[in-house]
Amino acid sequence: MSSSRLTQAAYQSFPGGPLEVDRAFYDAVAQCTSAGSAKLIQEFVLPIRSGRAWEIQAGNVCRIITPEGPQQVGDLNLWHLHNPKERFWAARTRQLQRAHVSVYDRLWSTLPYLRSMCTITGDSLSDYGVDKEGGRVHDLLGTRCDPYVNKMLSGKYFDYHCHSNLVRAIEPYGLQESDVHDVLNVFQSTGLNDKDQYFMKTCPAVAGSYFEFFAEIDLLCALSTCPGGDLSKAMWGEGSEGEDPNMDPTLECCRPLKVEVWELPEESLKDWKHFTAEKYEGSHGLPKV
Ligand SMILES: [Zn+2]
């Protein structure tokens, strides 16, 4: 009996199918930002334990960087800029792509939309692969840290978890706590242990590590610099955090992240195939009105 056949990916990509990616196009996109033909149109540094939201137009490229190193994890949320009900769907992306994403993987949106929101075009940690403990980088297995689980597990209040950082980040855009959703943990190394339990390892990013994606639709993005920093110290339990965010032992693990948005030369977009797929237009078995 072939185990490879039994464990092959449930969702298969095939030539001409909806999951196929035009690698030559995205290679050319990556070349634009690395070779200097793209124009930097926005950049900012996200301080430690903070959140910020920003807009990206379809066809632009966004790069998230660890400018100071050695490590820092970032928690990323995405919405369709003009309809925040359409937002990043981590679980379906995990199935359609994989549990740790890299170049050519797409990040998919929620129902009833289900389309590619962006395609990953650059990842300086793409050679990380799988380490000896089974850890891989850019995590979709887990989600953001939050003050509710922190209070439950440690009994302490803390207002600068990724969930809260994202809540503050999107407030100027008229969004609220319920709009925050499961994240892509950029630069975060995770896996499942032999008891099938989630583990997090120290982030492998170094100064200048980057993760880059091409916006397939107009996006509102929000990023949090995780208060766990590089996750080299436990975030939960006794002694892991103080009530004062400036007085806890994980603070020394925290570093800023940098965000850049790049506009590509118009001619580089001429072969861009906008995502299209068969669309469900049924009524879920209910009478059509
Ligand atoms: Zn976090």
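Note that the coordinates shown come from a computational prediction; the quantities given were computed from them, not determined experimentally.

Chemist: Which parts of the structure should I look at to understand the coordination of the zinc ion?
Modeler: Reference values for coordination geometry: four tetrahedral donors around a metal ideally subtend 109.5 degrees, six octahedral donors ideally subtend 90 or 180 degrees. For the zinc ion, the full set of protein donor atoms is C145 (SG), C162 (SG) and C226 (SG), and the range of their distances to it is 2.2 to 2.3 Å. Taken in chain order, the donor set of the zinc ion reads C-x16-C-x63-C. With C162 in helix α5 (residues 162-170) and C226 in the loop between β12 (219-225) and β13 (257-263), this residue pair connects regions lying 64 residues apart in the sequence. Residue classification places C226 among the buried positions, given a relative accessible area of 3%.

Chemist: I tried to follow the pairing of strand β3 (residues 61-66) on my own but got confused; where do I start?
Modeler: As a general feature of sheets, a regular strand has side chains that alternate between the two faces. Across the six residues of β3, six count as buried, placing the element largely inside the fold. Side chains of β3 alternate between two faces, with V61, R63 and I65 and C62, I64 and T66 buried alike. Looking at chain direction, β3 and strand β11 (residues 209-215) are connected through six bridges and run antiparallel. Bridge pairing links I65 to Y210 in β11. Note that β3 and β13 share five bridges and pair antiparallel. Its bridge partner lying in β13, C62 is registered against V261.

Chemist: Could you clarify how one ought to interpret helix α4 (residues 147-154) in this entry?
Modeler: Residue pairs spaced three or four apart in an α-helix point in one direction, given the helix's 3.6 residues per turn. Every buried residue of α4 is listed here: P147, N150 and S154. Seen along its axis, α4 keeps its buried residues to an arc of 55°; they face one direction. For α4, the exposed residues set more than 90 degrees away from the buried face come down to Y148 and M152. Here the buried face of α4 lies against α5.

Chemist: Help me understand the nonpolar core, please; the structure alone is not making it clear to me.
Modeler: A general feature of soluble globular proteins is that nonpolar side chains tend to end up buried together. With 38 residues, the main nonpolar core has W54, L76, L78, F213 and L219 as its most contacted residues. Here W54 is in contact with Q42, F44, C62, L76, Y173, L219, L220, C221, A222, L223, V259 and V261, once residues within four sequence places are set aside. By size, the runner-up hydrophobic cluster in this structure holds twelve residues, among which are V29, A38, L264 and W272.

Chemist: Honestly, the pattern of salt bridges in this entry has me stumped. Any pointers?
Modeler: Any two side chains of opposite charge can pair, on the condition that their charged atoms come close. Counting across every chain of the model gives twelve salt bridges. Between R63 and E212 there is a salt bridge, with its nearest N and O atoms 2.7 Å apart. Taken as a pair, R63 in strand β3 and E212 in strand β11 lie far apart in primary sequence, 149 residues in all. Summarising the burial analysis for this pair, R63 and E212 share the class buried. R115 is paired through a salt bridge with E86; the nearest N and O atoms lie 2.8 Å apart. Here E86 lies in strand β5 (residues 83-87) and R115 lies in the loop between β6 (106-108) and β7 (116-123), a separation of 29 residues in the sequence. Accessibility expressed as a relative area gives 26% for R115, which makes it partly exposed. Each of D131, K132, E133 and K201 takes part in a single network of salt bridges with overlapping partners.

Chemist: Would you mind going over the side chain of T121 with me for this structure?
Modeler: Among the secondary structure elements, T121 is positioned in strand β7. Aside from chain neighbours lying at most four places away, what touches T121 is Y26, V29, A30, V61, V103, E212, F213 and F214.

Chemist: For this particular structure, what's the right way to read unusual backbone geometry?
Modeler: Among all residues save glycine, negative phi is the norm, and among peptide bonds the norm is trans. Of the consecutive residues L111 and P112, the connecting peptide bond is found in the cis state with omega at 5°. On the secondary structure map, P112 appears in the loop between β6 and β7. Positive phi, normally seen in glycine, also occurs at Y104, with a value near 80°. Position of Y104 among the secondary structure elements: in the loop between α3 (90-96) and β6. A residue is classified by how much of its surface remains accessible, and Y104, at 19% relative accessible area, is buried. The backbone of L114 sits at a positive phi, close to 50°, despite the residue not being glycine.

Chemist: Explanation requested: the packing of aromatic side chains in the structure shown.
Modeler: To describe a pair of aromatic rings, you give the distance between the ring centres and the angle between the ring planes. Taken as a whole, this structure holds seven aromatic pairs when the rule is applied. An angle of 85° between the planes, with centres 5.5 Å apart, marks the rings of F25 and F214 as edge-to-face. Here the residue F25 occupies a position in helix α2 (residues 23-35), and F214 occupies one in strand β11, the gap between them amounting to 189 residues. Grouping residues by exposure puts F25 and F214 together as buried. Measuring from ring centre to ring centre gives 5.8 Å for Y26 and F214, while their planes differ by 75°; the resulting arrangement is edge-to-face. Within this pair, whereas Y26 is found in helix α2, its partner F214 is found in strand β11, the two being separated by 188 residues in sequence.

Conventions and cut-offs
Residues numbered from 1 in each chain as written. Predicted model: local features only at pLDDT ≥ 70, side-chain atom pairs only at ≥ 80, totals over all residues. Heavy atoms only, no water. Donors = N, O, S within 2.8 Å, 3.2 Å for Na, K, Ca; no water. Helix = DSSP H or I, 4+ residues; strand = E, 2+ residues; numbered from the N terminus. Buried < 20%, exposed > 50% of the residue type's maximum accessible area, 1.4 Å probe, protein only. Pairing = 2+ DSSP bridges. Arc of directions from axis to C-beta. Contact = heavy atoms within 4.5 Å. Core = buried A, V, L, I, M, F, W, Y, C linked by side-chain atoms within 4.5 Å. Salt bridge = Lys/Arg side-chain N within 4 Å of Asp/Glu carboxyl O. Phe/Tyr/Trp six-rings, centres within 6.5 Å; stacked < 30°, edge-to-face > 60°.

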